[in-house]
Amino acid sequence: MAYENIIVETKGHVGLITLNRPKALNALSQALIAELGKALDGFEADDDIGAIVLTGSEKAFAAGADIKEMASKTFTQCYLEDFITKGWEAVSKVRKPVIAAVAGYALGGGCEVAMMCDFILAADTAKFGQPEITLGVIPGAGGTQRLTRLVGKSKAMEMILTGRMMDAQEAERSGLVSRIVPAGELLEEALKVAERIASMGRPSVLAAKEAVERAYESTLAEGVRFERRLFHALFSTDDQKEGMAAFAEKRQPNFKNR
Ligand SMILES: CC(C)(O)CC(=O)SCCNC(=O)CCNC(=O)[C@H](O)C(C)(C)COP(=O)(O)OP(=O)(O)OC[C@H]1O[C@@H](n2cnc3c(N)ncnc32)[C@H](O)[C@@H]1OP(=O)(O)O
């Protein structure tokens, strides 16, 4: 499929998606979001791909939803189209791990898409924010919920009510990003981390992601029970036998994703 707003590549066992609307700072138009969903579906279906990296440009991961495109929408259109749900949730529905590699602006929907990913690696130039309040609206792609869970009520409330941006250091301190790397090394590092994840046994990778996600949706006791079920189930896989045999034999495991 030909893409106009994103670049889709394969790097080893990693699927790389680069948002590519440089003139609009990667503003997330409906067309871009539809392409992103298709690219993610493609990588999800590709057995050779074990992890995905989503990135933007040096200046912007994404400066939010396309304001010019949505400015004239009516309530009825938004409601009937289920605006912002349709297509956008594709990122949070992917079963394979998705890493957001963020340099420059990740604002509004850009910050929300990054938070839908499994973790965020930030360049030292990254800036995060939910400026929707300055446009007379509020975040509409999960920002009020995900930012609050990631950085806590006080900081999320301040950012969402004022539209203030957070730099990479503050984002790391507050738990929004897993770590900061120099801007020039961001993509290389994200691909390295993704390749490492892709080299693990696929059943245990998917189970680990599912178990961590469950922490957001259940009580501690339910989450721990869910984890235990998945942990036990992994003993039915060839990869568990291989991983533990490799340890005992002092060699690298050769996982077959079975
Ligand atoms: C998903 C929801 C529901 O949560 C909603 C949203 O995401 S609402 C959008 C939230 N995002 C914003 O409010 C950020 C808007 N952008 C900016 O504030 C600035 O562009 C900036 C601070 C990121 C960068 O400023 P600067 O370096 O001065 O560049 P600009 O000249 O402003 O921008 C360059 C170019 O890109 C266009 N642009 C930028 N952001 C968007 C956007 N979100 N939608 C559409 N277009 C955008 C900007 O208009 C410029 O293009 P031209 O007008 O010069 O053609």
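Residues numbered from 1 in each chain as written. Predicted model: local features only at pLDDT ≥ 70, side-chain atom pairs only at ≥ 80, totals over all residues. Heavy atoms only, no water.

In the annotation of an unreviewed UniProt entry, the entry for the chain reads enoyl-CoA hydratase, and the organism field reads Telmatospirillum siberiense. According to the UniProt record, the Sequence similarities (unreviewed entry) comment for the chain reads "Belongs to the enoyl-CoA hydratase/isomerase family." Its UniProt record, at the heading Function (unreviewed entry), says of the chain: "Could possibly oxidize fatty acids using specific components." (UniProt positions renumbered as here; feature names shortened; annotations may be inferred.)

A. Structural detail: the packing of aromatic side chains. All chains considered together, the criterion is met by two aromatic pairs. Here the aromatic rings of F75 and Y79 are separated by 5.6 Å at their centres, their planes lie at 15°, and the arrangement is stacked. Placement of the pair is F75 and Y79 together in helix α3 (residues 75-81), with a separation of four residues, close to one helical turn. Given the relative accessible area of 60%, Y79 is considered exposed. Plain terms: the ring middles of F231 and F235 are 5.2 Å apart, the flat faces sit at 80° to each other, and that makes the pair edge-to-face. Residue classification places F231 among the partly exposed positions, given a relative accessible area of 46%. Classification of F235 as partly exposed rests on a relative accessible area of 35%. Over the ring of Y105 we find K127; its NZ or CZ atom is 5.3 Å from the centre of that ring. Sitting above the plane of the F226 ring, R214 keeps its charged end 3.7 Å from the centroid. (Phe/Tyr/Trp six-rings, centres within 6.5 Å; stacked < 30°, edge-to-face > 60°. Helix = DSSP H or I, 4+ residues; strand = E, 2+ residues; numbered from the N terminus. Buried < 20%, exposed > 50% of the residue type's maximum accessible area, 1.4 Å probe, protein only. Lys NZ or Arg CZ within 6 Å of the ring centre and 35° of its normal.)

B. Expanded view of the domain arrangement of the chain. Domain boundaries in the chain define domain 1 (6-198) and domain 2 (201-249). Here domain 1 and domain 2 have C-alpha centroids that lie 27 Å from each other. When domain 1 packs against domain 2, the two sides together hide about 810 Å² of surface, and 47% of this comes from carbon and sulfur. Summed over the three residues of domain 1 that lose the most area to domain 2, namely R95, D118 and R149, the buried surface amounts to 46% of that side. At the boundary of domain 1 and domain 2, one finds one salt bridge. Here D118 and K209 are joined by a salt bridge, their closest N and O atoms 2.8 Å apart. The interface formed by domain 1 and domain 2 contains five residue pairs in polar contact (both at pLDDT 80 or more). Its residues placed into classes, the side of domain 1 that touches domain 2 shows six nonpolar, one polar and six charged. (Domains from an automatic or database assignment. Buried area = accessible area lost by both parts, 1.4 Å probe. Salt bridge = Lys/Arg side-chain N within 4 Å of Asp/Glu carboxyl O. Polar contact = N/O pair within 3.5 Å; in protein donor to acceptor, adjacent residues only side chain to side chain. Nonpolar A, V, L, I, M, F, W, Y, C, P; charged D, E, K, R; others polar.)

C. Local environment of the pairing of strand β2 (residues 14-19). Taking burial as the measure, the six residues of β2 include six buried ones, the bulk of the element. Alternating positions in β2 separate into two faces, V14, L16 and T18 on one and G15, I17 and L19 on the other, with burial throughout. Two strands pair when backbone bridges link them, and strand β1 (residues 6-11) and β2 are joined in this way by six bridges, in the antiparallel orientation. Opposite T10, over in β2, you have G15 as the bridge partner. Here β1 folds back onto β2 in antiparallel fashion, the turn holding two residues, of which G12 has a positive phi close to 60°. Judged from the five bridges that link them, β2 and strand β3 (residues 51-55) form a sheet pairing that is parallel. Bridge pairing in β3 places I17 opposite L54. With helix α1 (residues 30-45) bridging β2 and its parallel neighbour β3, the resulting β-α-β unit is right-handed. (Pairing = 2+ DSSP bridges. Right-handed = clockwise from strand over helix to strand, strands pointing away.)

D. Quick look at the environment of Y105. In this fold, Y105 is placed in strand β6 (residues 105-107). A sequence separation of 41 residues divides Y105 from G64, and the C-alpha atoms of the two residues are 8.9 Å apart. If we ignore the near neighbours within four places in the chain, the residues touching Y105 are K59, A60, F61, A62, K127 and M165. (Contact = heavy atoms within 4.5 Å.)

E. Examining a nonpolar patch on the surface more closely. The grouping of I133, I138, M157 and L161 at the surface amounts to a nonpolar patch, some 380 Å² of accessible area in total. One can find I133 in the loop between β8 (127-129) and α6 (143-151). For I133, a relative accessible area of 34% corresponds to the partly exposed category. (Patch = residues over 30% accessible without salt bridge, like charges linked within 9 Å, V, L, I, M, F, W, Y side chains within 5 Å. Areas by Shrake-Rupley, 256 points an atom, 1.4 Å probe, with all protein chains shown as cover.)

F. Representation of the site of the ligand. Within the structure, the ligand sits among 24 residues, and K59, A65, G109, E112 and E132 are positioned closest to it. Within the side chain of K59, a nitrogen or oxygen atom sits 2.7 Å from an oxygen atom of the ligand. Protein coverage of the free-state accessible area of the ligand, which is 1000 Å², stands at 66%. At the level of elements, α2 (67-70), β6 and α5 (109-116) are the ones that each hand at least two residues to the shell around the ligand. (Near = heavy atom within 4 Å.)

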